[in-house]
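Coordinate inspection notes
Read off the chains here:
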Amino acid sequence: MSSPCARARWLALVLLCSSLLLLPLGTAVGSAGLENLWPTLWGGEAEESSRAMAWQIVWEIRLPRTLGAWCAGALLGLAGAVAQGLFRNPLADPYLLGSASGASLGVALALALMGSGIGLAGAGSGMGSAGVSVFSGHWLVRLGLTGAAFAGAVLAVLLTLLLARGVQHTLRLLLAGVIVGVVLGAFTSLILLLSPDSMQAMQAFMLGSTGFVGWTACWLMAGVWGLCLLAAWALSRVLDGLALGEATAHSLGLPLAPLRAALVGVLALATGTAVAQTGLIAFVGLAAPHLVRAVAPVPHRRLMLLASVMGAVLLAGADLLARGLLAPQELPVGVLTAVLGGGYLLWLMHRRTGGLA
């Protein structure tokens, strides 16, 4: 039996190879299909205009979408590992602090205030910028749906911290996050009930989609991922200490209050950035750390990196399936991740229950 470190190295190699394989596959799958697009790109008899259009599809739509799915998955996987270590709960996910509900409320409020003429187009700005001429000078239009989602996620986390009176008590923070999520979800439902014209546009955000990710969103998510990964790497010692209990963490001389606050900041930034660009995508942040620990139970310094790349591979692969399963129609990637992730967790629960029986 190989050691966890050796298994971790093999897992890292597999995830790296999977990422490199998903990149060309992501540029090949779409409504045009591999058999139609690639001969146009490389065939000598294709017209120049057709070849230019094919390259535009690959470069402006499929490639940033594939890279964006990878980056969003990496952010969610990292946030999931931080959340499970911070709350010492394997069922913790990145949305526990109310960020998802806050982002949904921000998008619903922006849609309601800007009217039914809003569009989710605009691949270069994540979930899109508003295109309502009558509100062209309104600050909400300049903020866009991406900014509204991110602002809502940040405000929800701040409200959770206020309700929990800081980060000193993990259980209180967890309960506050659940309460804030339920209350903000109720407000979102009320806004959509009062503004039925926003329902269809809101659906894309609620179901999760990578179809609106452009190059700007890719660079933004990649930059935030690098920043959050470095911060989480530096804070990994406190997660290892918390895994042994708060008394042990105190005995190691760790200042838990500021370090917890820093971890909450990493969790909020990573989750808010991913949700703002791709909407609500379930189970990626929850399942990625589980999969890593099932293969290689390693300390948090390695776990966070591996869980991040695992989340990236999961979401990039799910996005590929969402495009290809019913082509030329497309499944919402959030629905696909929920089905696959829920099935995996049910299998895991059944296996552990069977082992105890």
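Keep in mind the model is a prediction, meaning the values are calculated, not measured.

Tallying secondary structure elements over the protein chain gives 14 helices and zero strands in all. Mapped from its N terminus to its C terminus, the protein chain presents α and β elements in the order α-α-α-α-α-α-α-α-α-α-α-α-α-α. Here the protein chain holds 357 residues, and 50% of them are scored as buried. When contacts within the protein chain are restricted to residue pairs at least 6 apart in sequence, long-range pairs at least 24 apart make up 74% of them. Of the roughly 16,600 Å² of accessible surface on the protein chain, 71% is carried by carbon and sulfur atoms.

To continue, consider the pattern of salt bridges. A complete count under the given rule lists three salt bridges for this structure. Close ionic contact of Asp319 with Arg65 constitutes a salt bridge, the shortest N to O distance being 3.0 Å. Of the two residues, Asp319 sits in helix α13 (residues 300-324) while Arg65 sits in helix α3 (residues 48-87), which places them 254 residues apart along the sequence. The partner of Glu330 in a salt bridge is Arg65, and the shortest N-O contact between them spans 2.5 Å. Of this pair, Glu330 sits in the loop between α13 and α14 (333-356) while Arg65 sits in helix α3, and the two are 265 residues apart along the sequence. On the basis of relative accessible area, Glu330 is assigned to the partly exposed category, the value being 43%. Taking the relative accessible area as the measure of exposure, Arg65 reaches 8% and is therefore buried. Here the salt bridges share partners, and the residues they tie into one network are Arg65, Asp319, Arg323 and Glu330.

Before going further, it helps to spend a moment on the environment of Phe205. Topologically, Phe205 is positioned in helix α7 (residues 199-207). Accessibility expressed as a relative area gives 2% for Phe205, which makes it buried.

This brings us to the side chain of Thr188. Following the sequence through the fold, Thr188 ends up in helix α6 (residues 170-194). Residue class for Thr188 comes out buried when judged on its relative accessible area of 5%. Non-local contacts of Thr188, meaning those with residues more than four positions away in its chain, are made with Ser101, Ser104, Leu105, Ala108 and Met202.

Think of two packed helices as two axes; the pair is described by the angle between the axes and how far apart they sit. Interhelical geometry of helix α4 (residues 99-114) versus α7 gives an angle of 165° and a closest axis separation of 10 Å. By the angle between their directions, the pair α4 and α7 is classed as roughly antiparallel. Where α4 crosses over α7, the handedness of that crossing is right-handed. Between α4, through Ala103, Ser104, Val107, Ala108 and Leu111, and α7, the contact on the second element is made entirely by Ala201, Met202, Phe205 and Met206. Broken down by class, the residue content of the contact of α4 with α7 amounts to eight nonpolar, one polar and no charged.

Attention now moves to the nonpolar core. Judged by nonpolar contacts, the single largest core of 95 residues is most densely connected at Trp70, Leu78, Val82, Phe87, Phe205 and Val238. Top contributing element to this core by residue count: α3, with 14 residues. If you look at the next biggest cluster of nonpolar residues, it comprises five residues, including Ala287, Tyr344, Leu345 and Leu348.

A few words on the confidence of the model for the protein chain. Across the protein chain, pLDDT averages 81, with 83% of residues at or above 70. Taken element by element, the predicted model of the protein chain shows its lowest mean pLDDT in helix α2 (residues 34-42) (52) and its highest in helix α8 (residues 215-234) (93). Segment residues 116-139: pLDDT under 50, and 55 contacts once partners within four positions in sequence are set aside and those in other chains are kept.

Given 3.6 residues per turn, any residue in an α-helix points the same way as the ones three and four places further on. In a regular helix each residue adds 1.5 Å, so 25 residues correspond to 36 Å; α6 covers 36 Å between its end C-alpha atoms and thus fits that length. By the burial criterion, the buried members of α6 are Thr170, Leu173, Leu174, Ala176, Gly177, Val180, Gly181, Leu184, Thr188, Ile191 and Leu192.

The full count for this structure, using the stated rule, is three aromatic pairs. Between Trp59 and Trp215 the ring centres are 5.0 Å apart and the planes differ by 40°, which places this aromatic pair in the tilted class. Of this pair, Trp59 sits in helix α3 while Trp215 is found in helix α8, placing the two residues 156 residues apart along the sequence. A residue is classified by how much of its surface remains accessible, and Trp59, at 49% relative accessible area, is partly exposed.

With twelve residues, helix α12 (residues 284-295) extends 17 Å from end C-alpha to end C-alpha; this agrees with the ideal 16 Å at 1.5 Å per step. Taken together, the buried positions of α12 are occupied by Val284, Gly285, Leu286, Ala287, Ala288, Pro289, His290 and Val292.

This part is about the environment of Asn89. Along the polypeptide, Asn89 turns up in the loop between α3 and α4. Separated by 154 residues in sequence, Asn89 and Ala243 place their C-alpha atoms 9.6 Å apart. In this structure the side chain of Asn89 is engaged in a polar contact, spanning 2.9 Å, whose partner is the backbone nitrogen of Leu91.

What follows concerns the packing of helix α9 (residues 236-243) against α13. Here α9 crosses α13 at 110°, and the two axes come no closer than 8 Å. Relative to α13, α9 is oriented roughly perpendicular. For the pair α9 and α13, the contacting residues are Ser236, Leu239, Asp240 and Ala243 in the first and His300, Arg301 and Met304 in the second. In terms of residue class, the contact of α9 with α13 is made up of three nonpolar, two polar and two charged.

Criteria and cut-off values
Think of each chain on its own: its residues are numbered from 1, step by step along the sequence as written. Totals for whole chains, interfaces and linings use every residue, but because this is a predicted model, local features are given only for residues with pLDDT of at least 70 and side-chain atom pairs only at 80 or more, for both listing and counting. Think of the side-chain values as coming from all heavy atoms in the structure, minus any hydrogens and water. A run of H or I in DSSP becomes a helix once it reaches four residues, and a run of E becomes a strand once it reaches two; helices and strands are each numbered from the N terminus. Burial classification: accessible surface area is computed with a 1.4 Å probe over protein chains only, and a residue below 20% of its type maximum counts as buried, one above 50% as exposed, and the rest as partly exposed. In this analysis, two residues are considered to be in contact whenever any of their non-hydrogen atoms come within 4.5 Å of each other. Using a 1.4 Å probe, accessible areas were evaluated by the Shrake-Rupley method; residue-level cover was limited to the displayed protein chains. The term salt bridge refers to a pairing of a side-chain nitrogen on Lys or Arg with a carboxyl oxygen on Asp or Glu at a separation within 4 Å. Throughout, an axis means a line fitted to C-alpha atoms (over the contacting stretch in the case of helices), and angles, computed between N-to-C directions, take values from 0 to 180 degrees. Between 65 and 115 degrees an angle is taken as roughly perpendicular, under 35 as roughly parallel, over 145 as roughly antiparallel, and anywhere else as oblique. Here is the rule for handedness: rotate from the far helix to the near one, and if that takes an anticlockwise turn smaller than a right angle the crossing is left-handed, while a clockwise turn gives right-handed. Put simply, Ala, Val, Leu, Ile, Met, Phe, Trp, Tyr, Cys and Pro go in the nonpolar bin, Asp, Glu, Lys and Arg in the charged bin, and everything else, Gly too, in the polar bin. Each nonpolar core is a collection of buried residues, namely Ala, Val, Leu, Ile, Met, Phe, Trp, Tyr and Cys, held together in the definition by side-chain atoms within 4.5 Å. Every residue gets a pLDDT, meaning the predictor's confidence in that residue, from 0 to 100. In a helix, the anticipated span is given by 1.5 Å times the number of residues less one. Ring geometry is summarised as follows: Phe, Tyr and Trp rings, the Trp one being its six-membered ring, pair when their centres sit within 6.5 Å, and such pairs are stacked at plane angles under 30 degrees, edge-to-face over 60 and tilted between the two. A 3.5 Å cut-off defines polar contacts: any pair of N or O atoms within that distance qualifies, except that in protein one atom must be a possible hydrogen donor and the other a possible acceptor, and neighbouring residues in sequence count only when both atoms are side-chain atoms.

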